[in-house]
Every structure is written in structure tokens, then in C-alpha cells.
Amino acid sequence: MNLIAAIAGLAAAQIAVGANVQSVFQSDQRASPPNILFVITDDQDLELGSVSYTPRIAKHLRDQGTFFRNHFVTTSLCCPSRVSLWTGRQAHNTNVTDVNPPYGGYPKFVERGFNENFLPVWLQDAGYNTYYTGKLFNSHTIENYHSPHVKGFNGSDFLLDPYTYSYRNSTYQRNHDPPVSHEGKHTTDVITGKALGFLEDALEGDRPFFLTVAPVAPHSNIDPGVLQGGRVTMTAPIPLMRHEHLFEDVKVPRTDNFNPDNPSGVSWIRGLPQQNQTVVDYNDHFYRSRLRALQGVDELVDSLVARLEESDQLDNTYIIYTSDNGFHIGQHRLPPGKTCGFEEDIRVPLFVRGPGVPAGQVEDAVTTHIDLAPTFFQLAGLPARQDFDGTAIPVTPDLDGTRHVHEHVTVEYWGRGVAEGFFSDVGGSPSVGIKIEQQRLTQFHTGPDGASMIPNNTYKSVRLLGEGYNLYYSVWCNNEHELYDLSTDSYQLHNLYPSNTRVTEEPQILGRSLSQAINRLDALLLVLKSCQGATCIDPWGVLQPADSIRSLQDALDEQYDGLYDNQPQVSFDWCDAGYIIEAEGPQTPLTSRHGISWDVWV
Ligand SMILES: *[C@@H]1O[C@H](CO)[C@@H](O)[C@H](O)[C@H]1NC(C)=O
Ligand SMILES: *[C@@H]1O[C@H](CO)[C@@H](O)[C@H](O)[C@H]1NC(C)=O
Ligand SMILES: *[C@@H]1O[C@H](CO)[C@@H](O)[C@H](O)[C@H]1NC(C)=O
Ligand SMILES: *[C@@H]1O[C@H](CO)[C@@H](O)[C@H](O)[C@H]1NC(C)=O
Ligand SMILES: *[C@@H]1O[C@H](CO)[C@@H](O)[C@H](O)[C@H]1NC(C)=O
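What counts as what
- Residues numbered from 1 in each chain as written.
- Chains lettered and ligands numbered in written order.
- Predicted model: local features only at pLDDT ≥ 70, side-chain atom pairs only at ≥ 80, totals over all residues.
- Heavy atoms only, no water.
- UniProt positions renumbered as here; feature names shortened; annotations may be inferred.
- Helix = DSSP H or I, 4+ residues; strand = E, 2+ residues; numbered from the N terminus.
- Buried < 20%, exposed > 50% of the residue type's maximum accessible area, 1.4 Å probe, protein only.
- Contact = heavy atoms within 4.5 Å.
- Areas by Shrake-Rupley, 256 points an atom, 1.4 Å probe, with all protein chains shown as cover.
- Near = heavy atom within 4 Å.
- Polar contact = N/O pair within 3.5 Å; in protein donor to acceptor, adjacent residues only side chain to side chain.
- Nonpolar A, V, L, I, M, F, W, Y, C, P; charged D, E, K, R; others polar.
- Pairing = 2+ DSSP bridges.
- Disulfide = S-S within 2.5 Å.
- Axes fitted to C-alpha atoms, helices over the stretch in contact; angles between N-to-C directions.
- Salt bridge = Lys/Arg side-chain N within 4 Å of Asp/Glu carboxyl O.
- Parallel < 35°, antiparallel > 145°, perpendicular 65-115°, else oblique.
- Left-handed = near helix turned anticlockwise from the far one by under 90°.
- Core = buried A, V, L, I, M, F, W, Y, C linked by side-chain atoms within 4.5 Å.
- Domains from an automatic or database assignment.

- Per an unreviewed UniProt entry, the protein chain goes by the name Arylsulfatase and belongs to Penicillium alfredii.
- Its UniProt record gives the protein chain the following Catalytic activity (unreviewed entry) comment, quoted word for word: "an aryl sulfate + H2O = a phenol + sulfate + H(+)".

This is the structure:
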């Protein structure tokens, strides 16, 4: 019996008796359950090319595993994205939608009951030894780390706010011990030691292990103001000294959407001024700093793989590498940051290597962070939970039969946009990018962490990739809309959503008019914005339960025009900072039953 068959058998056993996996593992020596090593970086882009600068990750994970090149996050901000990942649920179902209370952060995670009900708890119950080091959530602090302690880990050593992003003064908190400052040591050196220590513990255990390593690189550096007389500073990330000199000539890729001559996007993004040379130089410096900071992560992965190899466990370990959200620098004239729905912000790297995973393969299937918890369940031989909003990623060809291909990604965001990075009046001086430490804000408010905060960055979107189409549709809380056809406009510069400016020749989508396509996309988004479990996985089935519609292409059939012409539209009554349902317009679409009558879906 090969491993995959064993896992399938195990899943069946679980469903049948809800047995403890440990006992099932022990009853079949050959079915030695796989270990899982999960590495999650912070703010690492895919679109800006960061993965081209980490040769060891490329060698161990990309060349020896599969690169999922259409992998997306569902909320482009650390804490909501991480809580979604650890629970397998969209942010509208976790209602952890921000980095701080009242709408997010560790206290909100606890308040929502997830500390007793998230991935490490489930895996531990299933017989795994679980370990974690690095950043878990925002607002997990030196004040609240013990009220309560994070559950679910056999060993943990968490970075704590306000020192989480302090590259030269990280503060960690191990198991139930008090916090310890690592002043003077680089954060990546610290986490490397801790990760290797937990790997040692994990290898000594008599159970399979699930080890997560969550470095902060390449997130911006934030010093909480002790040194600066109480003033918080936020700078480009700080590399290890041995990497400071690298990539001197590297610049942000000059794609068509880099600091474009014409404004793009909607809402506050459309009002951004074009960046002058000083700002562009600063952005290039910021970009290089991120690549340099990632070198430490590259070495960290190298040492973990080397230790696994030495222990003979490498071939029984799945290694999954990703980031919590993407990042933009200069695209659409944006200062460094995330929180947008553009490709740069929602696409992240996903590499998977392990038993049965094809080496050197590039996979096109659309996958999201909501799919990761179901994927870990599948690797561990556990049946999917009913409340999972995603579906297991087919990481091995053997799992292909269980695959539920989806074309959609539900992207959602509430509250403030965040712009990062400092610039000052160095005006063309050759030292630009090195001395810049002061932030000068023009049109934005200054937030508590030294970045600028942009209100009303609330939107819902659907990203759709199918045979012959590649679309992004969004509705903002001020009821502005975006529609990009990425098959002809991969940099999202031409908003096709009809505005007062009349276009003479309407573009078509899959041979249908723009308005028919928009009707379908809007109805799909209406389902997705409040979907739960199965309805998130098969949203077309909600709209057309009797018609076996699986894709936009199917739904575009003319015979369904009536159903889609009459749908309530996705809209907002006002912009709010959290998931306030009263602000969010219609919640239920019309649905076709047997193609004849339309009922309200409840
Ligand atoms: C890990 O924690 C679980 C749950 O508390 C426990 O059953 C298991 O024995 C622990 N593993 C080790 C190695 O201590
Ligand atoms: C480093 O962090 C500790 C808290 O862990 C804090 O007490 C100390 O003041 C910090 N040092 C600096 C230079 O900010
Ligand atoms: C470039 O723009 C920045 C930000 O608006 C401003 O602070 C700086 O003075 C400008 N530099 C020049 C040379 O105009
Ligand atoms: C944000 O939205 C609210 C409510 O919709 C509105 O009153 C306010 O003026 C908006 N603020 C900005 C800065 O656009
Ligand atoms: C989400 O949480 C906020 C803050 O606690 C609350 O006001 C809101 O009603 C919640 N939303 C939903 C849909 O439960």
C-alpha cells in the first residue's frame, strides 16, 4: 500500500468511526504519516519577482516540488489573512477583518472562539505534535500573550507586539514563559535558532509533526519608539549584515502599471499623484531592502531542509512555503504596501514539496489561502470540516480525483488602506535611499504605527480565471466598480466598468456583451460575499441549483439572461471599518429552480 492509498484509507477510517488518528497510524507501520513543515513569510510578493532572488528556496522547493502559480490570498492584510488560513474560512465568516480590535487582532481571534478551534488544535487532536515560531497574529502583545495563552501547540515561541517587526530588537515569548528581548540580534538569526530547536524536538517525538516557521521578513521594520523618544518609526526592512551589499543595481520591475502617466483604479487610488524621481529612487531602495531581507529566509529554509535530510525524514515531510499577503511598490502610483485587490497584493508564492508531489512542476489550478487548512487535513488523512470555505489543493496527482477545481477567488477587505515607507527632502542627492528615515505625509492621515492610513478602503471582489477568461470585478463601499480583463490588460490599467465616459465599441467577454458579463459577475459576488462552506466552494450552484452550472462560461448562456437581469446588485449603504452587515446592501440573490421559478435563497 503506498502512502497516498494509506492516507485515503485513513480518511475513510476517520469518517467511519471518528477514531483517533494516532491509533490508526500505529496499527499500520508502513503508513507512516507525513510530517508537515510550513514556512510563512510576511508581505512577500509574487508579482514583483521576489522568488527569483532566493536560490536555495528555488533549489529545494521549486525545483523539487510544485509551484502553484495561481495562488491567492482572500484578504490582503496580515491578521485577517492568517486567521482565514488557520481556520479555513473567509474573513466574512471569521469576522476577524483587521489587525487591531475591535475588528481584528489576537483579542478578536480569542473572542470569536478560534483559540479552541483552529488548525493546530485540530491537528494535535488528530495525533500530531505541533510547533510554532515567529509571528502568529497582530495585537498579540507583551501585555495580552497570557490572557489566554495560544492553544494547540506542543511548543511555541511567538514574536510579540510592539516588537514583532523590530528587526534588531525582536521580543519572543516561549511556551508559558515571560517575554524575552533579543536586542542586538537580527530577527532572522533568532528565528533560525528557534526553528532548528523545534525541529529537533519534533524529530525526537513519536508522532508526526506540524512545524510552522513564520519569519517577519520581508515586512517593513517598525521600532516602537523607545529609541526615538516615543516616536514610532517604520522603515524598509533591515537585512542581515552579510546581505546588506547585495543587488545594488536591482530596481522595481518597470511594468506598465509602475508609476503610470495616467491615474488608475478607483476611490483614493485614482487620486494618487505621479511619483517624482526622489520617491521612485526610494521605492527602488525599499525593493532592494526586501530582497536583501529575504536572503536570511533563504538560508533558514536551507538549514531546515539540510536537517531534515540528515534525519532521513525529508522524504516523509511536506514542505509548504507561502506568505500572508502580497505587496506593491509603485504600481498604480502606490507607495509601498498591501491592502489592495490588485494582483501584486493578492498573489503570493506557493511552493509545495513532499511525498508524491511532482518535482519541478508548475500548476495552473486556482488556489487560495482558504484552501490550505483543507489541504493540511488531506495530507494528514483527515476528512474536511463542514465549515471549511475552501477545498484541498491537489498537491499530488493521486489526490487529483478528489479535486474540486474552482475558477473563483473571493477577495474582501474592510477598513483602512495602509501606505508604508518614509521619504524626505533629499531631493536628488546621491545618498537617496540610504539616509531616508523621516516620513513626510501629504494627503493621508498619520496612523499609530508611522504608516499612513487611508479610510474607506472597503471593497468586495471576485477574481476569476477560466478557459478563455481572466477577470477581476470589484465593488467598493462608495459603490464605485472595477472590471479588468487581464487577458488583454494584465496590469489592470483599463477599467471596463461602464462609466459616464461612453465607450464607442463595447468590448465583449466570451462573446457576450459587457453588461451580460457584469450581470453574472455581480450575482456571483452577491453569493460569495456571504457564502459559507459549500456555497463558497460551489457558488454557481446557489444561483442555478438545477442547471449544473460550474463556470462563468456556463452561466453566460443566453437562456439565463432573465435570471441575471433581475438580480439585486451588490452595493453598500455606507463605508464602514468592519463587517457591519447593515452597511452591506442586499444579501440574497434570486435563484433558478428547475429553470422555471425564481426563489429567494436563504
Ligand atoms: C503534544 O500535545 C498533545 C496534546 O496535549 C499530547 O497528547 C502529546 O503527548 C504532546 N506531545 C509531546 C511530545 O509532548
Ligand atoms: C527592546 O525590547 C525590550 C522589550 O522586550 C524593551 O524593554 C527595550 O527597551 C527595547 N530596546 C530598545 C532599544 O528599544
Ligand atoms: C518628491 O515628492 C516628495 C513626496 O511628495 C516630496 O516630499 C519631495 O519634495 C519631492 N521632490 C522633488 C525634488 O520635487
Ligand atoms: C468615508 O465614508 C464615509 C461613509 O460612507 C463618508 O461619510 C466619509 O466622507 C468618507 N471619508 C473619506 C475620507 O472619503
Ligand atoms: C463583526 O464584528 C463587529 C465587531 O465586534 C460587530 O460589530 C459586527 O456586528 C460583526 N459582524 C457580523 C456580521 O457578525
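Read on for the rest.
Digging into the overall build of the protein chain
Thought 1: The helix and strand inventory of the protein chain stands at 17 helices and 25 strands.
Thought 2: Classification of the 602 residues of the protein chain by burial places 62% in the buried group.
Thought 3: Look at the contacts in the protein chain between residues 6 or more apart in sequence, and 70% of them connect residues 24 or more apart.
Thought 4: As displayed, the protein chain has an accessible area near 22300 Å², and 49% of this comes from carbon and sulfur atoms.

What about the site of ligand 4?
Thought 1: Inspection of the region around ligand 4 gives Pro455, Asn456, Trp574 and Cys575 as its neighbouring residues.
Thought 2: The separation between an oxygen atom of ligand 4 and a polar side-chain atom of asparagine 456 is 2.4 Å.
Thought 3: For ligand 4, an oxygen atom lies 3.0 Å from a polar atom in the backbone of cysteine 575.
Thought 4: Isolated, ligand 4 exposes 360 Å² of accessible area, and the fraction of that covered by the protein chains is 34%.
Thought 5: Here the residues of the shell around ligand 4 sort into three nonpolar, one polar and no charged.

A short note on the pairing of strand β12 (residues 350-353)
Thought 1: Alternating residues of β12 divide into Leu350 and Val352 and Phe351 and Arg353, and every residue in both groups is buried.
Thought 2: Taken together, the two bridges between strand β2 (residues 66-68) and β12 define a ladder with antiparallel strand orientation. Note on β12: the bridge partner recorded for threonine 66 is valine 352.
Thought 3: As defined by bridge partners, strand β11 (residues 317-323) adjoins β12 across four bridges and the pair is classed as antiparallel. Paired with threonine 322 across the strands is leucine 350, a residue of β12.

Considerations on the state of the cysteines
Thought 1: Here the structure, examined in full by the defined rule, presents two disulfides.
Thought 2: Between the sulfur atoms of cysteine 477 and its disulfide mate cysteine 575 the distance is 2.1 Å. On the S-S bond that ties cysteine 477 to cysteine 575, the torsion sits near 90°, and the link is right-handed. In this pair, cysteine 477 is assigned in the loop between β20 (469-476) and β21 (481-485) and cysteine 575 in the loop between α17 (561-565) and β24 (590-593), connecting sequence segments 98 residues apart.
Thought 3: Overall, the relative accessible area of 4% leaves cysteine 477 in the buried class.
Thought 4: Put simply, cysteine 531 and cysteine 536 are joined by a disulfide, and their sulfur atoms are 2.1 Å apart. Disulfide cysteine 531 to cysteine 536: torsion about the S-S bond roughly 95°, handedness right-handed.

Topic: unusual backbone geometry
Thought 1: In this model, serine 147 is joined to proline 148 through a cis peptide bond whose omega is -5°.
Thought 2: For proline 148, the position within the fold is in the loop between β4 (129-134) and β5 (155-159).
Thought 3: Omega for the peptide link from aspartate 161 to proline 162 comes to 5°, which places this bond in the cis form.
Thought 4: Along the chain, proline 162 turns up in the loop between β5 and β6 (171-174).
Thought 5: The residue histidine 332 is not glycine, and still its phi comes out positive at about 55°.
Thought 6: In this structure, histidine 332 sits in the loop between β11 and α11 (343-346).

Things to note about the sheet that holds strand β19 (residues 459-466)
The strands that make up a sheet pair up through hydrogen bonds in the backbone, lying either parallel or antiparallel.
Thought 1: A sheet is described by the order of its strands in space; here four strands give the open sequence β15-β19-β20-β21, paired in antiparallel fashion. At either margin of the open sheet sits one strand with a lone partner, and together these are β15 (408-413) and β21. Each neighbouring strand pair of the sheet contributes to a mean axis angle of 10°, computed without reference to strand direction.
Thought 2: Of the strand pairs in this sheet, β20 and β21 are connected by five bridges, and their pairing is antiparallel.

Points about the pattern of salt bridges
Thought 1: Enumeration according to the criterion identifies 26 salt bridges in this entry.
Thought 2: In this structure, aspartate 157 and arginine 174 form a salt bridge, with 3.1 Å as the shortest nitrogen-oxygen distance. Linking aspartate 157 in strand β5 with arginine 174 in strand β6, this pair joins segments that are 17 residues apart in sequence.
Thought 3: Taking relative accessible area as the criterion, arginine 174 reaches 32% and is therefore assigned partly exposed.
Thought 4: What you see here is one network of salt bridges that share partners, running through Asp42, Arg82, Lys135 and Asp324.

Focus: the packing of helix α8 (residues 187-204) against helix α10 (residues 277-310)
Thought 1: At a minimum axis separation of 10 Å, α8 and α10 run at an interaxial angle of 20°. Taken as axis vectors, α8 and α10 run roughly parallel relative to one another. The hand of the α8/α10 crossing is right-handed. Counted together, Thr188, Ile191, Thr192, Ala195, Leu196, Leu199, Glu200 and Leu203 of α8 and Gly296, Val297, Leu300, Ser303, Leu304, Arg307 and Leu308 of α10 form the full contact between these two elements.
Thought 2: Grouping the amino acids of the contact of α8 with α10 by side-chain chemistry returns nine nonpolar, four polar and two charged.

What about the nonpolar core?
Thought 1: Phe38, Trp86, Leu119, Phe210 and Ile320 are the most contacted members of the largest nonpolar core, which has 69 residues in total.
Thought 2: A total of five residues in this core trace back to one element, the largest contributor, which is helix α12 (residues 372-379).
Thought 3: Built from parts of two domains, this core gets at least three residues from each of domain 1 (3-406) and domain 2 (459-600).
Thought 4: Sequence-distant contacts of phenylalanine 38, that is, excluding residues within four places in its chain, are made with Leu85, Trp86, Phe210, Leu211, Thr212, Val213, Ile320, Thr322, Leu372 and Phe376.
Thought 5: Core analysis: the next-biggest nonpolar cluster, separate from the first, contains 39 residues, Ala217, Met234, Ile238 and Val301 among them.

A short note on the UniProt feature "modified residue: 3-oxoalanine (Cys)" (unreviewed entry) in the protein chain
Thought 1: In this numbering, the UniProt entry assigns the feature "modified residue: 3-oxoalanine (Cys)" (unreviewed entry) to Cys78.
Thought 2: Along the chain, cysteine 78 turns up in helix α4 (residues 78-87).
Thought 3: Leave out the neighbours within four places in its chain, and cysteine 78 touches Asp42, Asp43, Lys135, Asn138, Tyr165, His219, Asp324, Asn325 and Lys338.

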